[in-house]
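Summary of structural features
If you want the building blocks of each chain, they are given just below.
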Amino acid sequence: MQVKVSKFGGSSLCDSGQFQKVKDIVLSDDMRCYIVPSAPGKRSKSDYKITDLLYLCHEHVEKSLPFDELFKLIEERYISLCSELKLSINMLEYLKILKKKIIDGASEDYVASRGEYLNALMLAEYLGYEFVDAAELIVFTKDGRLDEKATYAAIEIRLSKVKKAVIPGFYGASGDGKIRTFSRGGSDITGAIIAKGVGAVVYENWTDVSGFLMADPSIVNNPKPIKEVTYKELRELSYMGAHVFHEEAVFPVKNEGIPINIKNTNKPEEKGTFILNDKIEVKSGNITGIAGKKDFTVIAIEKTLMDKDIGYCRRVLTVLESNCVAFEHMPSGIDSISLVIDDSELENKTDKILEEIEKQCNPDSIIVHPNMALIAVVGEGMIKTRGVSARVFSSLEKDNINIRMINQGSSEMSIIVGVENEDFESAIRAVYKAFEN
Ligand code: ASP
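Residues numbered from 1 in each chain as written. Predicted model: local features only at pLDDT ≥ 70, side-chain atom pairs only at ≥ 80, totals over all residues. Heavy atoms only, no water.

Re the pattern of salt bridges
- On inspection of all chains with the given rule, the structure shows 27 salt bridges.
- Among the ionic pairs, Asp 68 bridges to Lys 99, the shortest N-O distance being 2.9 Å. Pair noted here: Asp 68 is in helix H3 (residues 68-84) and Lys 99 is in helix H4 (residues 91-103), with a separation of 31 residues, a long-range link.
- According to the relative accessible area criterion, Asp 68 is partly exposed, its value standing at 41%.
- Note that Glu 420 is salt-bridged to Arg 404, the shortest N-O span being 2.5 Å. Linking Glu 420 in strand S16 (residues 414-420) with Arg 404 in the loop between helix H13 (388-398) and strand S15 (405-408), this pair joins segments that are 16 residues apart in sequence.
- Judged by relative accessible area, which is 25%, Glu 420 ranks as partly exposed.
- Residues joined in a network through salt bridges with shared partners are Arg 43, Asp 47 and Arg 77. (Salt bridge = Lys/Arg side-chain N within 4 Å of Asp/Glu carboxyl O. Helix = DSSP H or I, 4+ residues; strand = E, 2+ residues; numbered from the N terminus. Buried < 20%, exposed > 50% of the residue type's maximum accessible area, 1.4 Å probe, protein only.)

The structure is reproduced here in structure tokens:
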């Protein structure tokens, strides 16, 4: 039988109304067999995520501070969910055990994982599905990495006997039984692993937006949704700031050819975005999306006859390496190279880096340009099409935006444009306008 794996994020399960929507969605399609929930998320902008509260409780105990008030917020949420959903599970008892474990110094991973654990217990009863603990399926090595072989073997053995199950996201256990979590947002990864393990026809990822939009809606008014995006395009877009989905969650399903469908729990009728290996139809001349980030610094280095000086780039990059600084791009000319570096990497290291480059590379000049923003215009269709870059640049020119840097990756899937931080929003709007239709 063909099955779907459906992961529901924290906002999809933040209160009883959202639980009802999830139930309607799950039961409307018999193929939705394996359900992976996150912990309850925020009910409003000023609300708390249960996972954040759990981390805080653990931190308080570590510092020998009282955490009763914090824990009360967790209790209230689960107790009200249980009573509003008319569930029979003894939530008070589960919470009592959890509180005791936190007091007794349970590990950070264990404490954080209980948000998903309790939520999955409730959802399983509410849907009438079996609860299968992720600790039985997702196996970590002792040093905290996923043990793929053991994980897929465990999934095959355990889930082949279970037709419909709810499996908590975000965590698993190492061979010695210790609970381990993925990084934050990691329920996406659990969903992807389960999808691969059961050979799902699709991995549905339900959240509070209808997939990816062509541009950030806080910058562009009502941007168009992206119907299909390839894994490679997604990598470029999310690296530049478009975040809906945990990046690492792509890997388990990508090689299996299992499509990911990002869907909106509040608007289930909308198709959402499909993430695929290859698009069914790549429209030439179109782009898939625009993303970008502010706050980069460019270090521009000039040296006559740099092109003939063997090892010059290596010497420059060695300075970055010895200062533990990663760079994003390195556009170059005959006698010049520029290092584009995220400000969060540089911290207070700029002066030291400049000094060392002066000493070890003896440049003719070295100039620092701070406050730069990068914008990536992404689309596989641009490879075969004339005029895409012309449209990007003329749209910026029309809106009087000065381009400080241009870079195109060798995959030819994106054009990166550097502008001043203050031009960032207008540049995104200008490019979006040029490709809107
Ligand atoms: N609850 C976890 C977090 O907030 C994992 C997840 O939601 O995916 O990071």
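Focus: the packing of aromatic side chains
- Counted according to the given criterion, the structure contains 7 aromatic pairs.
- For the ring pair Tyr 94 and Tyr 117, a centre distance of 6.3 Å and an interplane angle of 70 degrees mean the geometry is edge-to-face. One end of the pair, Tyr 94, is in helix H4; the other, Tyr 117, is in helix H5 (residues 108-127), and 23 residues separate them in sequence.
- You can call Tyr 94 partly exposed: its relative accessible area is 31%.
- With a relative accessible area of 16%, Tyr 117 lands in the buried category. (Phe/Tyr/Trp six-rings, centres within 6.5 Å; stacked < 30°, edge-to-face > 60°.)

With respect to the site of the ligand
- In the vicinity of the ligand, the residues found are Ser 38, Lys 49, Thr 51, Glu 116, Phe 170, Arg 184, Gly 185, Gly 186 and Ser 187.
- Contact between the ligand and Ser 187: an oxygen atom at 3.0 Å from a main-chain N or O atom of the residue.
- If the ligand stood free it would expose 260 Å²; the protein chains cover 94% of that surface.
- Looking at side-chain class alone, the shell around the ligand contains 1 nonpolar, 5 polar and 3 charged residues. (Near = heavy atom within 4 Å. Polar contact = N/O pair within 3.5 Å; in protein donor to acceptor, adjacent residues only side chain to side chain. Areas by Shrake-Rupley, 256 points an atom, 1.4 Å probe, with all protein chains shown as cover. Nonpolar A, V, L, I, M, F, W, Y, C, P; charged D, E, K, R; others polar.)

A few points about the UniProt feature "binding site: substrate" (unreviewed entry) in the chain
- Using the residue numbers shown here, the UniProt feature "binding site: substrate" (unreviewed entry) corresponds to Thr 51 and Glu 116. A maximum C-alpha distance of 8.3 Å among these annotated residues, which run over 66 residues, shows that they cluster at one spot.
- Within the secondary structure, Thr 51 is located in helix H2 (residues 50-62).
- Excluding its chain neighbours within four sequence positions, the residues that come into contact with Thr 51 are Ala 39, Ala 112, Glu 116, Phe 170 and Arg 184.
- Within the secondary structure, Glu 116 is located in helix H5.
- Residues in contact with Glu 116, not counting those within four places in the same chain, are Pro 37, Ser 38, Ala 39, Thr 51, Pro 168, Gly 169, Phe 170, Tyr 171 and Ser 187. (UniProt positions renumbered as here; feature names shortened; annotations may be inferred. Contact = heavy atoms within 4.5 Å.)

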